[in-house]
Every structure is written in structure tokens, then in C-alpha cells.
Amino acid sequence: MIDGSAGTGKTLVAISLLHYLKTHEHFKGKKIALVYAQTAMRDKIKSVAKHFNGLLAKDIISPAKVTREKYDIVICDEAQRLRRRVGYNKNNISIVKTNERMGYDKDTDELEWLLRNTQYQVLFYDSKQNVAPTDIDTDSFEERIGKTSQEVRHSVRHVKLEEQMRIRAGDKFVPYIYNVLWQKTRRRISFKNYEFKLFDSFSEMEAAIHEKEKSAGLSRLSGGYAWEWLTKNKDEKSDMNFDGIYVTWNSQTAGWIDNPDKKNEMGSIYTLGGMDLNYVGVAIGPDLVFNPDSKKVEVNRNEIYDHEIRMGKDVDEVLKYVINSYAVLLTRGIMGTFVYAHDKGLREYLRKFI
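Residue indices begin from 1 for each chain and proceed along its sequence in written order. Given that this is a predicted model, residues contribute local features only at a pLDDT of at least 70 and side-chain atom pairs are listed and counted only at 80 or more, while totals for whole chains, interfaces and linings are drawn from all residues. Derived side-chain values reflect all non-hydrogen atoms in the structure, with water molecules and hydrogen atoms excluded from consideration.

1. Section: the pattern of salt bridges
Two side chains with opposite charge may pair up if their charged atoms get near one another. A pairing counts as a salt bridge when a side-chain nitrogen of Lys or Arg comes within 4 Å of a carboxyl oxygen of Asp or Glu. Summed over the entire model, instances satisfying the criterion amount to 17 salt bridges. The salt bridge involving Asp-276 is made with Arg-166; its shortest N-O contact spans 2.5 Å. Of this pair, Asp-276 sits in the loop between α8 (269-272) and β12 (277-284) while Arg-166 sits in the loop between β6 (159-161) and α6 (173-181); the two residues are 110 residues apart in sequence, bridging distant segments of the chain. Residue classification places Arg-166 among the buried residues on the basis of a relative accessible area of 12%. Two residues, Arg-351 and Glu-348, come together in a salt bridge whose shortest N-O distance is 2.9 Å. With a gap of three residues between them, Arg-351 and Glu-348 both fall in helix α10 (residues 344-351), about one helical turn apart. For each residue, the accessible area found with a 1.4 Å probe, counting protein chains only, is set against the maximum for its type, and the residue is called buried under 20%, exposed over 50%, and partly exposed in between. Take Arg-351: its relative accessible area is 31%, and that puts it in the partly exposed class. Numbering goes from the N terminus for both helices and strands, where a helix is a DSSP run of H or I of at least four residues and a strand is a run of E of at least two.

Printed below as a string of C-alpha cells:
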């Protein structure tokens, strides 16, 4: 199990390891694959694989694939996004159907599929990027792979990646983001050679991102769970209205980040998780507020439109998913991160740190 925060090179190591194993004489004849639970990331890495001699798109697979074929070694990147059955959405229906086909209990999750059906596993993991109830619970995950269990079930060796390889702000940036959102710091940190800016209006942030798209490329807007996907099934032209500026969610998942025709759309956690951008503009919606009475950052459940997040058992659990999702978005930018908060109180709180 390889632990690493956002930007510490987990995906780079995963792809390099796959290439090494697939091309090394010692592993000839072994069935080896790289697993991604999320479709957007899986499709992105498939497009990357074709540039490596010795790798094929079919080497990048879904967790369900390991229940259909026996693999000697699987590498799983973004393992914190492996799913469990919660409720009755379409992803969970597919989990139930796979479990029925395999003769497993209906609550058997995707991590268990990998453990039962492959001889060796390499898991790249960051518990802080656990962003939805369908993600396997951190305690369950870490107990089963021996991180917290007194009885080491699978003889897991633990490795930690610490050097920041994505964000030019350096090693302190990612912990700082989490400390600010969770109110664990009162100290403001400035970052050299990195544009970290708070905007008073969405229109200003949008204009800044569009300018960066022209000058640096790979610059996109992103948002959390606070806006309904109106354009998915209804005759609507936009999903969000920021004081007269109308924006739609990403109209495609696979390939969205590389499609210049979609540069004005808003990316979601399901599209941008694991991805790199030169500049990211993060719109923090009314689902996250600063309560002037309690002096705390709190979640507003009435402003959450993602059905998975609505499954959260209690307000603390939902707050974890909302904060983690925004933290993931806030750590996508290589050269800069721009922030706009809908809630004025939250904006004033963030102004102390950005």
C-alpha cells in the first residue's frame, strides 16, 4: 500500500510500475493490469498508455474486470475511490449484479474483489480524498489491508510518498488547504512562484481562468455538490447562475479536460479527481458556509444536489465529504489556484489565509 497526498506522484509511479512489470523478462507470462474505479480517470490513462511501448489500452481495467479474469498482479491507483454498495443508484446495482454472478454476499465491495481474485496487489491510496458515501469507508479499508489491524491479513508492506511533484507551491500547500478548511490553523502561509488568489465575484474568477486558458492552457473552472445537473435530462440551457453568468456542468466525462470546445464548462469531482490542471478555478457553493454564531465552517445540507452525498448518515459525515471534495479540487492546479466562495462569511474567513 502506497500512501500519498494529492500531487505526490502516485499516478506517475503507478504507470511506471505497470510499464516495468509488463516489459521485464522476469514477469513474462504474468497477467498484470492497472485498475481505476472512476471512468474519467480510467479513460484518461488508457489514452496515455498508447504512448508507452509495451502497454496497451486493455491493460487499464475496471474493478469488475478482475472478477471475470484471473490476474497475477494488479496495481490500483486512486484506491480510495473503490466503491461499496450504498443505496440503489446504478453503480450499486452493478456491484450487486457482480456479487450475484460471483456468488458473493451482496455487500462485498470492490476492494474485496481485488483481494480475492488477484495474487498480488499494489494499492495507491489517500484517505483524505474519500469524497462520497459509496467510497469504501476508511476504517474498513485500512483494517482489511493490515494498516490498523493487529492481525495482518494480507502481509501488506507500506510505503509513503511525501515529495510534492504537481503543485509548484511545494510540500506545504496540500496540508495547508486541509488545515484551512478544517480550521486547524490560524497562521497564514504565502507561496512563492504560485498564484493563490481569492475573488470577491465569480465573474472575476471566471475571467481570470479564461485568461489563463489563453496564456497557459489547461485552465478550467470546477465546483462542488451545490448545483443540480439540470441540463442532464431537462430542456435547460445552464445548470448555474452566478449573478447573471450562466454555466453548465461538464457535458462529457471521458476526454472533457482535453476538449477545448468544453473550456467554458464547470468540471466536477467526478471529472477532475486525479487530474492535473495548470490553473484551477474553484467555485465553493452554498453547501459550505461559515456560521458567525458558532465560528465554524459548516455544511448546508439543503444546498447539496448530489444524491450520493445526500446518503450521508449524519452532518459530520456529510461535512467530511463536502470538505474533502473541495480540497481535491483546490489541489489540482500546477501553477495556480483561484477561489470564489458563495457564502460571504466563508469568503471573509478564507481571506485570512488566501
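Next comes the rest of the write-up.
2. Remarks on the nonpolar core
Nine residue types can take part in a nonpolar core, namely buried Ala, Val, Leu, Ile, Met, Phe, Trp, Tyr and Cys, and a core is a set of them joined through side-chain atoms within 4.5 Å. Phe-202, Phe-242 and Leu-350 are the most contacted members of the largest nonpolar core, which totals 86 residues. If you tally residues by element for this core, the top one is helix α9 (residues 315-329), at nine residues. Here, residues are in contact when the closest pair of their heavy atoms is within 4.5 Å. Not counting residues up to four positions away in its chain, the partners in contact with Phe-202 are Leu-221, Phe-242, Ile-245, Val-247, Met-266, Ala-283 and Tyr-340. Counting 22 residues, the second-largest nonpolar core is a separate cluster that includes Met-1, Val-35, Tyr-104 and Ile-136.

3. Considering the environment of Arg-83
Summarising the element assignment, Arg-83 is placed in the loop between β4 (71-76) and α3 (90-102). Along the sequence, Arg-83 and Pro-63 sit 20 residues apart, while their C-alpha atoms lie 9.2 Å from each other. For Arg-83, the side chain forms a polar contact with the side chain of Glu-110, separated by 2.6 Å. Here a polar contact is recorded for every N or O atom pair within 3.5 Å, except that within protein the pair must consist of a potential hydrogen donor and a potential acceptor, and residues adjacent in sequence are included only if both atoms are side-chain atoms.

4. Section: the sheet that holds strand β1 (residues 2-4)
Strands sit in the order β3-β2-β4-β5-β1-β6 across an open sheet of six strands; the sheet is parallel. At either end of the open sheet lies a strand with only one pairing partner, and these are β3 (60-61) and β6. Two strands are counted as paired when DSSP detects at least two bridges linking them. Direction of pairing for strand β2 (residues 32-35) relative to β4: parallel, over a ladder of four bridges. Along β4, the bridge assignment pairs Ala-33 with Val-74. Against the sheet, helix α1 (residues 10-23) touches β1, β2, β3, β4, β5 (118-125) and β6, its axis set at about 165 degrees to β2. Working convention: axes come from line fits to C-alpha atoms, limited for helices to the stretch in contact. Angles between N-to-C directions cover 0 to 180 degrees.

5. A few points about the sheet that holds β12
An order of β7-β15-β12-β8-β11 is seen for the five strands of this open sheet, with the pairing classed as parallel. Two strands lie at the open edges of the sheet, namely β7 (195-199) and β11 (266-267), each paired on one side alone. Relative to β12, strand β8 (residues 219-223) runs parallel, the two being bridged by five bridges. Looking at β12, one finds that Arg-220 is bridged to Val-280. Where α9 meets the sheet, its contacts fall on β8 and β12, and the angle it forms with β12 comes to roughly 150 degrees.

6. Here's the deal with the pairing of strand β13 (residues 288-291)
The pairing of β13 with strand β14 (residues 296-299) spans four bridges and is antiparallel. By the bridge assignment for β14, Phe-290 is matched with Val-297.

7. With respect to α1
Its 14 residues place the ends of α1 20 Å apart at the C-alpha level, agreeing with the 20 Å of an ideal helix rising 1.5 Å per residue. Within α1, burial applies to Lys-10, Thr-11, Ala-14, Ile-15, Leu-18 and Leu-21. Down the axis of α1, the sector holding all buried residues measures 130 degrees, keeping them to one side. Between the first and last residue of a helix there are one fewer steps than residues, each counted as 1.5 Å, and that sum is the expected span. Here, the arc refers to the directions that run from the helix axis to the C-beta atoms.

8. Section: the packing of aromatic side chains
Only centres within 6.5 Å qualify two rings of Phe, Tyr or Trp (six-membered ring in Trp) as a pair; their planes then separate them into stacked at under 30 degrees, edge-to-face at over 60, and tilted for everything else. Within the structure shown, the criterion is met by 14 aromatic pairs. Between Trp-227 and Trp-249, the aromatic rings sit 6.3 Å apart at their centres with planes inclined by 65 degrees, giving edge-to-face as the arrangement. Residue Trp-227 is located in the loop between β8 and β9 (240-242), and its partner Trp-249 is located in the loop between β10 (245-247) and β11; the two are separated by 22 residues in the primary sequence. You'll find Trp-227 and Trp-249 in the same group, each marked buried. Look at Tyr-279 and Phe-338: their rings are 5.8 Å apart centre to centre, the planes differ by 40 degrees, and that puts the pair in the tilted class. Of this pair, Tyr-279 sits in strand β12 while Phe-338 sits in strand β15 (residues 333-341); the two residues are 59 residues apart in sequence, bridging distant segments of the chain. The aromatic ring of Tyr-104 is capped on one face by Arg-116, whose charged end is 4.5 Å from the ring centroid. Lysine NZ or arginine CZ positioned within 6 Å of the ring centre and within 35 degrees of the ring normal marks a charge as sitting over the ring.

9. Points about helix α2 (residues 39-49)
Where α2 is concerned, the buried positions are Ala-40, Met-41, Arg-42, Ile-45 and Ala-49. Of the surrounding elements, those touching the buried residues of α2 are α1, β2, β3 and α8.

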